[in-house]
Amino acid sequence: MQTYKLLAVLLDYPGGEIVGDLRAAVSGQGGALGLVRSVDTDEVFTGSEHASIAGFIDWMLAQDQTELEGRYVKTFDLTPEHSLHLTHHVFGDDKNRGPALIDLSEFYKSYGLQHDEHEIPDYLPMMLEFVSQLEEIEARVFLTDAVKVFNVLATNLEKAESPYAVLVRVIENHSSLARQAA
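Quantities reported herein were computed from a predicted structural model and do not represent experimental measurements.

Visitor: Before we move on, can you summarise the overall build of the protein with the specific residues and values?
Guide: When helices and strands are tallied, the protein shows eleven helices and zero strands. Taken from N to C terminus, the helices and strands of the protein fall in the order α-α-α-α-α-α-α-α-α-α-α. Rg of the C-alpha trace for the protein: 16 Å, near the compact-globule value of 16 Å for 182 residues, within the 12% margin. Each principal axis of the C-alpha atoms in the protein carries an extent, and together these give about 45 × 35 × 30 Å. Counting all 182 residues of the protein, 48% fall into the buried class. The long-range fraction of contacts in the protein, counting pairs at least 24 apart against all pairs at least 6 apart in sequence, stands at 65%. Surface exposure of the protein reaches about 9,200 Å², of which carbon and sulfur atoms provide 52%.

Visitor: Lay out the environment of T144 with the relevant residues and their values.
Guide: Within the secondary structure, T144 is located in helix α9 (residues 136–144). The exposure class of T144 is buried, given its relative accessible area of 12%. Once the C-alpha coordinates of T144 and T155 are considered, the two residues, eleven residues apart in sequence, prove to be 17 Å apart. Among the polar contacts made by the side chain of T144, one reaches the main-chain carbonyl oxygen of S175 at a distance of 2.9 Å.

Visitor: Account for the packing of helix α3 (residues 32–39) against helix α4 (residues 47–62), with residues named and values stated.
Guide: The axes of two packed helices give the description: the angle between them and the distance between them. Here α3 crosses α4 at 130°, and the two axes come no closer than 8 Å. The angle between α3 and α4 places the two elements in the oblique class. Here the hand of the crossing between α3 and α4 comes out right-handed. Taken together, the residues of α4 that come into contact with α3 (itself represented by A32, L33, L35, V36 and R37) are H50, A51, I53, A54, I57 and D58.

Visitor: Tell me about unusual backbone geometry, and please be specific about residues and values.
Guide: With phi around 55°, E161 is a residue other than glycine that occupies positive phi space. Within the secondary structure, E161 sits in the loop between α10 (147–159) and α11 (165–181). Under the relative-accessibility criterion, E161 is labelled exposed at 67%.

The rules behind each value
Residues numbered from 1 in each chain as written. Predicted model: local features only at pLDDT ≥ 70, side-chain atom pairs only at ≥ 80, totals over all residues. Heavy atoms only, no water. Helix = DSSP H or I, 4+ residues; strand = E, 2+ residues; numbered from the N terminus. Rg over C-alpha atoms; globule rule 2.2 N^0.38 Å. Buried < 20%, exposed > 50% of the residue type's maximum accessible area, 1.4 Å probe, protein only. Contact = heavy atoms within 4.5 Å. Areas by Shrake-Rupley, 256 points an atom, 1.4 Å probe, with all protein chains shown as cover. Polar contact = N/O pair within 3.5 Å; in protein donor to acceptor, adjacent residues only side chain to side chain. Axes fitted to C-alpha atoms, helices over the stretch in contact; angles between N-to-C directions. Parallel < 35°, antiparallel > 145°, perpendicular 65-115°, else oblique. Left-handed = near helix turned anticlockwise from the far one by under 90°.

Here it is, written out as structure tokens:
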């Protein structure tokens, strides 16, 4: 389930240390595709998903660090339609968002996960970190609750021609697979 952890890293703020670690991992695996295949030891993701993630990594590593960070901020922090805080897409600033966030925090705690107090629990990279600790079926069931949000987020990112859209589509695919199997 390490691919979810990799997706969490790729969707988090691309600070210099993260990019440096990613660059070292890619060179150690003979390229981005080699890295993606090496972390998907359970073969949960398809070959085309591996290629999509590897293509994103190649794009990311080809960017100037300052431009990459600026693009990330513009994409996710300054454009509400691209928010990585998933309950924002459901509730906006409605007062019902608070109870949903509390429920999510309590759900994490039931699994023994103590999330970063500085981050809201619906932050997609945090959710993917959590999912990476679950069994495959359990991960897909957890993600199923947000499948519609993933679709909206991916569509918004595609409209903006954001390279991040492919990552969200991969996540959406794995969340909708649970729904199809049910």
